[in-house]
Amino acid sequence: LAKTTQPISMDSYEGQEVNITCSHNNIATNDYITWYQQFPSQGPRFIIQGYKTKVTNEVASLFIPADRKSSTLSLPRVSLSDTAVYYCLVGTDPSGYALNFGKGTSLLVTP
Amino acid sequence: DTAVSQTPKYLVTQMGNDKSIKCEQNLGHDTMYWYKQDSKKFLKIMFSYNNKELIINETVPNRFSPKSPDKAHLNLHINSLELGDSAVYFCASSQGGVVGINGELFFGEGSRLTVL
């Protein structure tokens, strides 16, 4: 499993764009980069996944530079309901069946 | 319809008791998991089952015993509960493993276990 490093917490105002960067220097060639979101008292929810360059869906964008040693989750125009913990995950264990989540980034959006 | 459902949502019990948490998924997935989230919010995998077969058993005490009667169910039984078992337990499912582009995990809402 590639080790990931992301900020412990971030604050933002409503309507701003939020970028959360994750470092994963030892990412393996076949590793995907996946981001999950967890609201209080709920299980994590898949947001976006990518391998290289840029991926965009209705929730977020994921930017991955050519060396893939980091990735940035971009949330456009956040609202109060985007307050959550965001986890960056890279790769799995050799079985392909284990994902361990780190501490994640706790995002607080205020008016 | 809830995709991954767990019961009970809250469980308060005394040390030494035995308790079970049930999980069911209606997504047709072939892989199910149990995760534990402690007070520091780390979410760690405990077990993974694929087609009712145990794939992963992390360093979890023997007091924890998962049981998968069929692909749609993965229950967690805990014997002789200890204070340190207090946590939120999440069930999850996926189609196949979590490698690659289709490896999305679907989580239940969690079961908060408090051991007194």
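All figures in this text were calculated on a predicted structure; none of them were measured in a lab. Here the residue numbers are simple positions, counted from 1 along each chain's written sequence. Here chains are named by letter from A upward and ligands by number from 1 upward, in the order in which they appear as written. Selection of residues for local features in this predicted model requires a pLDDT of at least 70, selection of side-chain atom pairs for listing and counting requires 80 or more, and totals for whole chains, interfaces and linings are taken over all residues. Side-chain numbers here rest on the full set of heavy atoms in the structure, without hydrogens or water.

**Some remarks on the pattern of salt bridges**
For side chains of opposite charge, pairing can occur when their charged atoms come near one another.
All names here are of chain B.
And step 1. Between Lys or Arg on one side and Asp or Glu on the other, a salt bridge is scored when a side-chain nitrogen of the former is within 4 Å of a carboxyl oxygen of the latter. Tallied over the full model, the rule gives three salt bridges over all chains.
And step 2. In this structure, Glu 109 engages Lys 9 in a salt bridge whose closest nitrogen and oxygen atoms are separated by 3.3 Å. One end of the pair, Glu 109, is in the loop between strand 10 (106-107) and strand 11 (111-115); the other, Lys 9, is in the loop between strand 1 (4-7) and strand 2 (10-13), and 100 residues separate them in sequence.
And step 3. Relative accessibility under 20% of the residue-type maximum defines a buried residue, over 50% an exposed one, and the middle range a partly exposed one, all with a 1.4 Å probe and only protein chains included. On the basis of relative accessibility, which here comes to 46%, the residue Glu 109 falls in the partly exposed class.
And step 4. Put simply, Asp 85 and Arg 63 hold a salt bridge, and the shortest N to O gap is 2.8 Å. Taken together, the positions of Asp 85 in the loop between strand 8 (73-78) and strand 9 (87-94) and Arg 63 in the loop between strand 6 (53-57) and strand 7 (64-70) put the pair 22 residues apart, joining distant regions of the chain.
And step 5. For Arg 63, a relative accessible area of 16% puts it in the buried group.
And step 6. Counted as one network, the salt bridges with shared partners bring together Arg 63, Glu 82 and Asp 85. Every helix listed is a DSSP run of H or I at least four residues long, and every strand listed is a run of E at least two residues long, numbered separately from the N terminus.

**Brief notes about the sheet that holds strand 9 (residues 105-110) of chain A**
Residue and element names in this part refer to chain A.
And step 1. Here, any two strands with at least 2 DSSP bridges between them count as paired. A sheet is described by the order of its strands in space; here five strands give the open sequence 1-9-8-3-4, paired in mixed fashion. The open sheet has two free edges, formed respectively by strand 1 (9-13) and strand 4 (45-50), since each of these has just one partner strand. In this sheet, neighbouring strand axes are inclined to one another by 25° on average, regardless of whether the strands run parallel or antiparallel. Lines fitted to C-alpha atoms define the axes here, with helix axes fitted over just the stretch in contact, and angles between the N-to-C directions of these axes take values from 0 to 180 degrees.

**A look at the nonpolar core**
And step 1. In this description, a nonpolar core means a group of buried Ala, Val, Leu, Ile, Met, Phe, Trp, Tyr and Cys residues linked to one another through side-chain atoms lying within 4.5 Å. Formed by 21 residues in total, the largest nonpolar core has its most connected members in A:Ile33, A:Trp35, A:Leu73, A:Leu75 and A:Tyr86.
And step 2. Looking at this core, the elements that each hand over two or more residues are strand 2 (18-23), strand 3 (33-38), strand 4, strand 6 (61-64), strand 7 (70-75), strand 8 (84-90) and strand 9 of chain A.
And step 3. In terms of residues, this core owes the most to one element, strand 8 of chain A, which gives four residues.
And step 4. Each residue touching A:Leu75, except ones within four places of it in the same chain, is listed here: A:Gln16, A:Glu17, A:Val18, A:Val59, A:Ala60, A:Tyr86 and A:Leu107.
And step 5. Judged by nonpolar contacts, the second largest core, of 20 residues, contains B:Cys23, B:Met32, B:Ala87 and B:Cys91. It only takes one pair of heavy atoms within 4.5 Å for two residues to be counted as in contact.

**Some words on the side chain of A:Gln6**
Residues and elements named next belong to chain A.
And step 1. Structurally, the position occupied by Gln 6 is in the segment before strand 1.
And step 2. N or O atoms closer than or at 3.5 Å make up a polar contact, with two conditions inside protein: a donor-capable atom paired with an acceptor-capable one, and, for residues adjacent in sequence, both atoms drawn from side chains. Looking at Gln 6, its side chain comes within polar contact range of the main-chain nitrogen of Cys 88, at 2.9 Å.
And step 3. Within the structure, the side chain of Gln 6 is placed 2.9 Å from the side chain of Thr 105, a separation counted as a polar contact.
And step 4. Not counting chain neighbours up to four residues away, the residues in contact with Gln 6 comprise Ile 20, Thr 21, Cys 22, Trp 35, Tyr 86, Tyr 87, Cys 88, Gly 104 and Thr 105.

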